[in-house]
Structure formats: structure tokens, C-alpha cells
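One-letter residues, chain by chain:
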Amino acid sequence: MTRNDSGFGGTNGEFDVCIVGYGPVGATLAILLADCGLSVLVLEREADIYSLPRAVHFDDEVMRLFQTLGVSARVLPYTHVSPGMRFVDAQGRLILDWSRPMEVGRLGWNASYRFHQPDLEGVLREAAASKPNIDVRLRADAFAIEQDRDGVDIRFEELSSGALGRARARFVVGCDGARSLVRRLIGSALIDLGFHERWLVVDLLLKRDIPALGDYSVQFCDPARAATYVRGVGNRRRWEIALLPEEDSSQATSPDNVWKLLGRWISRDEADLERAACYTFHSTIAERWRDGRLLVAGDSAHQTPPFLGQGLCAGMRDVGNLAWKLDRVIKGRMPQDILETYQSERAPHVREYIELAVRLGGLINTRAAGTAVPGGLARDQPARMESIKPGLGPGLSGGVAGLTGQVAPQPMLSDGSRLDDLVGYRFAALLDPWLAASLPGALLERLRHKQVVIIADASPPLQNWLAENRVSGVMVRPDRYVLGAARNIQDMESLADAV
Ligand SMILES: Cc1cc2nc3c(=O)[nH]c(=O)nc-3n(C[C@H](O)[C@H](O)[C@H](O)COP(=O)(O)OP(=O)(O)OC[C@H]3O[C@@H](n4cnc5c(N)ncnc54)[C@H](O)[C@@H]3O)c2cc1C
């Protein structure tokens, strides 16, 4: 392993960043950091990818992150574009319609993709394996983590041999899931957002096509027993079924019980039972996401009921936000305090998703009691639901503030290229050509020195977006959120200062 400009080379057990947990969030963070040139150690307790049924949906923003990682082309064949979700009452009447556009949207991707989590994790691990500056240790259980002024000591057990290992890193990120050790070491309590329910989750493989099941996901808002149907990729179909308080979790997954519960939709003759598991869905956010050199991301920082399909998506956004900040701190280009903006920006954002998922959970469970549909929409007629795209919480900013914290679009540029393919995981100044032409040489030089990619493109999608927002340029961060906007050269100077 080669030494890099940050001074930690991954040799002698010393790394820039140690990631505890090689789930989808840990793997994504490893790739982002490695692409920044940092050395990364990943410790994972299990021998292989987790095989029980979990995520089935991700959104356009997450596909955009896969584009940044260079894996979108490898992920796409494992996806199915989803037309959306419908909520029906116990009599099968449509009460809420959350249809998604089937066209590519303003982030450059479709709004909603179905997928199978182990397929995605396979692609991410393959990409991580191709990076020489990522050292993955499977069956390595981190059990002690101690920080000092300059770094962190990590101790782990090689579970196959019982041997104890040691490593040192500048930072440790716990991507170690709901029962996170790193979160406990940070000393963070969990803020409880009120939803805790046991559900049975079942994946089936159809033996033949059953068009009547449909492409839409369906939430059966039946107070007797709530359930969810999800069309998966290929012949895979998912049902999630609420368990009643008196039902025993271990008996719930027995094939006889599963087929009995599925009887109203499908029979044994029509599909094979692939996997069944019971989960308790929670809605929590960690009170503290960082203590000095220790941070948490993904399920270790927050958990959501899956009704919006946003748990993994939120974890991906966490590491998109965190990796470039860690990179700059480790390379001495930004002060460590900048890491405080990781939680201040991300926590309010993920909270909006969790709170909406909890409200939807309430609708799914208690429709008969006349629960209002989210957003105060009328409940006696099918209401339409739109996807939310919250802004970031308070954090980094510069220039004109109106768009700060909003996700920037990914327009197709005049030469036919996609914006993010040109920019990579860097800052980009998206400028009206007249503003670009008027920038003083010294400012341009300063932006280039800060590795800001300057895009002065006359393509209508970009120019229209700038015009709609009455600005002549925006500074977009590596995670595609807007740092701030500019109407003139002074605003651009302020943005250059803020980068
Ligand atoms: C039924 C269900 C449906 C879901 N549907 C969706 C969906 O449609 N869309 C969506 O976005 N999300 C969904 N989710 C949520 C999604 O699956 C999770 O948010 C996601 O897997 C979290 O990823 P992670 O990398 O943070 O954690 P995990 O995938 O849990 O990975 C954590 C890893 O850390 C390892 N680890 C823990 N402690 C240690 C240690 N001390 N040392 C070494 N390794 C350690 C674990 O072995 C594990 O591999 C769903 C979840 C469930 C259960």
C-alpha cells in the first residue's frame, strides 16, 4: 500500500480512516474516501453479505451517488424502475396515490428504483476490492476504540483464529448498524420518534408471471393487519406483514404460517419462498453523531420504518456528506470543526424522512379510525402524495443563501455530457456564461487552486434553472448540495472563500 499526501499510508496498521462495518454505507464511504486518495481500513464482523430481506428501494439521489462512485452502470442491470406506491383501505379502495414519473428527472435519474440489497452490496464490494488503498478485513470484530489528540487506536478480534489485531487511524466512522458499538463509545443516546413495530418480511420468487400483482407497491391499510406488497426485480416479490402482539416471532417465519398469511395474494403453487424474517422497525436518531475523531453514519446514526424506503438512502446521503469533509480535514485544508456540520446538516434532513415514514405507518395501521393522510390532505378521496426533497439543516454556506442546502440538478450539458461525470466528487461552480466571462483572473485562479470545476454552459436546462432562481451561478458541493449562489463577482468571491 502506498503512502499518500496525508501522511498515513495504511502501512504498519496505520490508516487515515477506519470504518467499522461493511454494509452498504460502510462500503460506499470506503470507496469515496479511497477515491479522495485516503487509506482506509474496513473491519467487518461477518464473513459475507447479510442475506436476510432488507432494502428494496432507492431514489434518484442515491443512483446519482452511485454515478459518482463509478458503479451506476453496474448497478442498473440489478434495478427495476418503479411507478410508485398506492395505499388502499381494507375494502381495497385507493386512499393515497404516490405515483412517480417514469421519465428521468432533474437529478439525471429516475425517481424510484427497485433492487435487491445483496445484489447492490455485491457491486459495492467489488468496486471497493479494486481500490488498492482499501484494506477490508472480514470476520474482524472491533471491540475497543480509544481516541487521543492525534488519532484513534482500534482493537479487533479475527473471529476465524481468535487472534487479536490492532490498528491506528486518524478517524473512525461507525457504519456498524443499529446496535452500533461506535455510537455507544461516542456516548450518544437515541432520540425516539415513537414507532416500534414487529413485522414479518418475506421474499418470494414467482414460478410464473402474475400480472395481477402489478408493478406498483401497495400498502394495505387494514387495521386488522397492515401489509405491504413490493414488486421486486425479475421474478422477486416482497411482502411485509404486521405481526399482532400475541404472535410469536419464531413461529411467524415458519413456511406454513407464511403461506397462510400470504393466502389472500398468492399460493405455494405460484412461487417459492426465498427468505422470511421478523424485524422490529424503529424510528430513532442518535443524539450525537460525533465525538472528536469518532463518527457514526447509516443505521448507527438513525433508523426508520421502511414505509418510504429511505433507511439505506439516508445512510448513503450521510457518507456523501461526510467523506469530502473528512478528506479536507485529514489533508489539513479545513479545520476539524467543520465536522460539526455533518450532524447539523444531516440530522434535520433524515428526521423529515423518518417523521413522514412514522406518519405513513400510522395511516397504514389505523386507517379505519379515520387517520388523516400525511400533509393534511383530504381523506375521503384518493389523495396524491409527492416525494419530499428536504433541504439540509444549518451548516456550510456562502454567497447568496436562497438555494443553500438544496440538492442541485444534474442537467445534460451542451456537449451531451452529464454534469456529474465532468465534476466527479469535487466542488463545481455552475455559471451563466456572462458571469464566467467577467470573473477576474485572480478569482478564477483561486477557484482552480481549490479544485473547483468551473462549468459555464449555455445549455437550456442549466440556464433555465439559474434564471428560475434569479441567480447567475451556484457553488455545488461534492455531495451535490448547493453551498450558495451568486448574482455578481462579489458573491463569487464569497463563495470562493467558503469552499
Ligand atoms: C425489511 C427492511 C426493509 C428495508 N427497506 C428499505 C428500502 O426499501 N430502502 C432503504 O433505503 N432502506 C431500507 N431498509 C433499511 C436498510 O436495509 C438499512 O438502512 C441499511 O442496510 C443500513 O446499512 P448500514 O450499512 O448502515 O448498516 P448494516 O447494513 O446493518 O451494516 C452494518 C455492518 O456492521 C457490522 N458490524 C457491526 N458491529 C461491528 C463490529 N463491532 N465490528 C465489525 N463489524 C461490525 C455488521 O456485521 C454489519 O455488516 C430496510 C430495512 C429492512 C429491515
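## Description of the overall build of the protein
Counting its secondary structure elements, the protein contains 14 helices and 24 strands. Its C-alpha atoms give the protein a radius of gyration of 23 Å, within 12% of the compact-globule value 23 Å for 499 residues. Counting only C-alpha atoms and orienting by the principal axes, one finds that the protein spans roughly 70 × 60 × 40 Å. A buried classification covers 58% of the 499 residues belonging to the protein. Restricting to contacts in the protein with at least 6 residues of sequence separation, those with at least 24 account for 72%. With the model as given, the accessible surface of the protein reaches about 20,000 Å², and the carbon-plus-sulfur share is 50%. Of the charged side chains in the protein, 58 are positive and 63 negative, and the gap between their average positions amounts to 1 Å.

## Focus on the environment of Tyr 279
Inspection of the secondary structure assignment puts Tyr 279 in strand 16 (residues 271–286). Its relative accessible area of 17% is what places Tyr 279 among the buried residues. Between the alpha carbons of Tyr 279 and Ile 210 there is a distance of 27 Å; along the sequence they are 69 residues apart. Ignoring anything within four residues of it in the chain, the contact list for Tyr 279 reads Tyr 50, Leu 52, Pro 53, Arg 54, Glu 197, Arg 198, Trp 199 and Val 201. A distance of 2.9 Å separates a polar side-chain atom of Tyr 279 from the backbone oxygen of Pro 53.

## Here we look at the nonpolar core
Taken as a class, soluble globular proteins show a tendency for nonpolar side chains to be buried jointly. Ranked by size, the top nonpolar core spans 124 residues in total, and within it Phe 66, Met 475 and Met 492 carry the most contacts. Listed in part, the 22 residues of the second largest apolar core include Val 88, Leu 204, Ile 210 and Trp 259.

## A word on the packing of helix 1 (residues 24–35) against helix 8 (residues 311–330)
Put simply, helix 1 and helix 8 touch, their axes get as near as 9 Å, and they point 25° apart. Considering the angle they form, helix 1 stands roughly parallel to helix 8. Helix-helix and strand crossings are classified by hand; for helix 1 and helix 8 the assignment is right-handed. Taking contact as the criterion, the partners of Pro 24, Val 25, Thr 28, Leu 29, Leu 32 and Leu 33 in helix 1 are, on helix 8, Leu 312, Gly 315, Met 316, Val 319, Gly 320, Ala 323 and Leu 326. Its residues placed into classes, the contact of helix 1 with helix 8 shows 10 nonpolar, 3 polar and no charged.

## Some remarks on the sheet that holds strand 3 (residues 57–59)
Strand order in the open sheet formed by 3 strands is 3-7-4, with antiparallel pairing between adjacent strands. The open sheet has two edge strands, strand 3 and strand 4 (80–81), and neither has a second partner. The sheet contact formed by strand 3 and strand 7 (residues 112–114) spans 3 bridges and is antiparallel. By the bridge assignment, Phe 58 is partnered in strand 7 with Tyr 113. Sitting on the sheet, helix 2 (residues 60–69) touches strand 3 and strand 7, and the angle it makes with strand 3 is about 80°.

## Here's the deal with the site of the ligand
Around the ligand lies a shell of 34 residues, among which Glu 44, Arg 54, His 57, Asp 299 and Leu 312 are the nearest. Within the side chain of Glu 44, one N or O atom sits 2.6 Å away from an oxygen atom of the ligand. One of the side-chain nitrogen or oxygen atoms of Arg 54 is found 2.8 Å away from an oxygen atom of the ligand. Burial of the ligand by the protein amounts to 91% of the accessible area it has alone, namely 1,000 Å². When residues of the shell around the ligand are traced back to their parent elements, those giving at least two are helix 1, strand 2 (40–44), strand 9 (140–147), strand 15 (236–242), strand 16 and helix 8. Counted by class, the shell around the ligand contains 16 nonpolar, 9 polar and 9 charged residues.

## Here's the deal with the sheet that holds strand 21 (residues 428–431)
Consider a sheet: its strands pair through backbone hydrogen bonds, and that pairing is either parallel or antiparallel. The strand order across the open sheet formed by 4 strands is 22-21-23-24, and the pairing between neighbours is mixed. Of all strands in the sheet, those bounded by a partner on one side alone are strand 22 (453–456) and strand 24 (482–486). Adjacent strand axes in the sheet meet at a mean angle of 15°, parallel and antiparallel pairs treated alike. Its contacts with the sheet put helix 13 (residues 460–468) on strand 21, strand 22, strand 23 (473–476) and strand 24, and the angle it makes with strand 21 is roughly 85°. Set on the sheet, helix 14 (residues 489–498) makes contact with strand 21, strand 23 and strand 24; between it and strand 24 the angle comes to about 160°.

## Here we look at the pairing of strand 21
Where burial is concerned, the two faces of strand 21 agree: the one with Ala 428 and Leu 430 and the one with Ala 429 and Leu 431 are both buried. Note: strand 21 against strand 22, 4 bridges, orientation parallel. Across the sheet, Ala 429 pairs through a bridge with Ile 454, a residue of strand 22. By the bridge criterion, 4 bridges tie strand 21 to strand 23 in an arrangement that is antiparallel. Following the sheet pairing, Leu 430 is matched in strand 23 by Val 474.

## Focus on the pattern of salt bridges
Here the structure, examined in full by the defined rule, presents 35 salt bridges. Asp 135 is the salt-bridge partner of Arg 137, the closest N and O atoms lying 3.1 Å from each other. In this structure Arg 137 comes out as partly exposed when scored by relative accessible area, which is 27%. Here the salt bridges share partners, and the residues they tie into one network are Asp 203, Arg 236, Arg 238, Glu 240, Glu 274 and Arg 275.

## Points about the packing of aromatic side chains
For the structure shown, the criterion picks out 13 aromatic pairs. A centroid spacing of 5.9 Å and a plane angle of 35° characterise the contact between Trp 199 and Phe 281, whose relative ring orientation is tilted. Of this pair, Trp 199 sits in strand 12 (residues 190–206) while Phe 281 is found in strand 16, placing the two residues 82 residues apart along the sequence. Classification of Phe 281 by relative accessible area gives buried; the value is 9%. When the centroid spacing of 6.1 Å and the interplanar angle of 35° are considered together, the rings of Trp 239 and Trp 265 count as tilted. A residue pair is termed long-range when its members are at least 10 positions apart, and Trp 239 in strand 15 and Trp 265 in the loop between helix 7 (255–262) and strand 16 qualify at 26 residues. Residue class for Trp 265 comes out buried when judged on its relative accessible area of 18%. Aromatic ring contacts, followed pair by pair, group Phe 195, Trp 199, Tyr 279, Phe 281 and Phe 307 into a single cluster. One Lys or Arg, Arg 86, reaches over the ring of Tyr 216 and ends 3.6 Å from the middle of that ring.

Cut-offs applied
Residues numbered from 1 in each chain as written. Predicted model: local features only at pLDDT ≥ 70, side-chain atom pairs only at ≥ 80, totals over all residues. Heavy atoms only, no water. Helix = DSSP H or I, 4+ residues; strand = E, 2+ residues; numbered from the N terminus. Rg over C-alpha atoms; globule rule 2.2 N^0.38 Å. Buried < 20%, exposed > 50% of the residue type's maximum accessible area, 1.4 Å probe, protein only. Contact = heavy atoms within 4.5 Å. Areas by Shrake-Rupley, 256 points an atom, 1.4 Å probe, with all protein chains shown as cover. Lys, Arg positive; Asp, Glu negative; His and termini not counted. Charge placed at Lys NZ, Arg CZ, Asp CG, Glu CD. Polar contact = N/O pair within 3.5 Å; in protein donor to acceptor, adjacent residues only side chain to side chain. Core = buried A, V, L, I, M, F, W, Y, C linked by side-chain atoms within 4.5 Å. Axes fitted to C-alpha atoms, helices over the stretch in contact; angles between N-to-C directions. Parallel < 35°, antiparallel > 145°, perpendicular 65-115°, else oblique. Left-handed = near helix turned anticlockwise from the far one by under 90°. Nonpolar A, V, L, I, M, F, W, Y, C, P; charged D, E, K, R; others polar. Pairing = 2+ DSSP bridges. Near = heavy atom within 4 Å. Salt bridge = Lys/Arg side-chain N within 4 Å of Asp/Glu carboxyl O. Phe/Tyr/Trp six-rings, centres within 6.5 Å; stacked < 30°, edge-to-face > 60°. Lys NZ or Arg CZ within 6 Å of the ring centre and 35° of its normal.

All quantities given are derived from atomic positions and should not be read as evidence of function.
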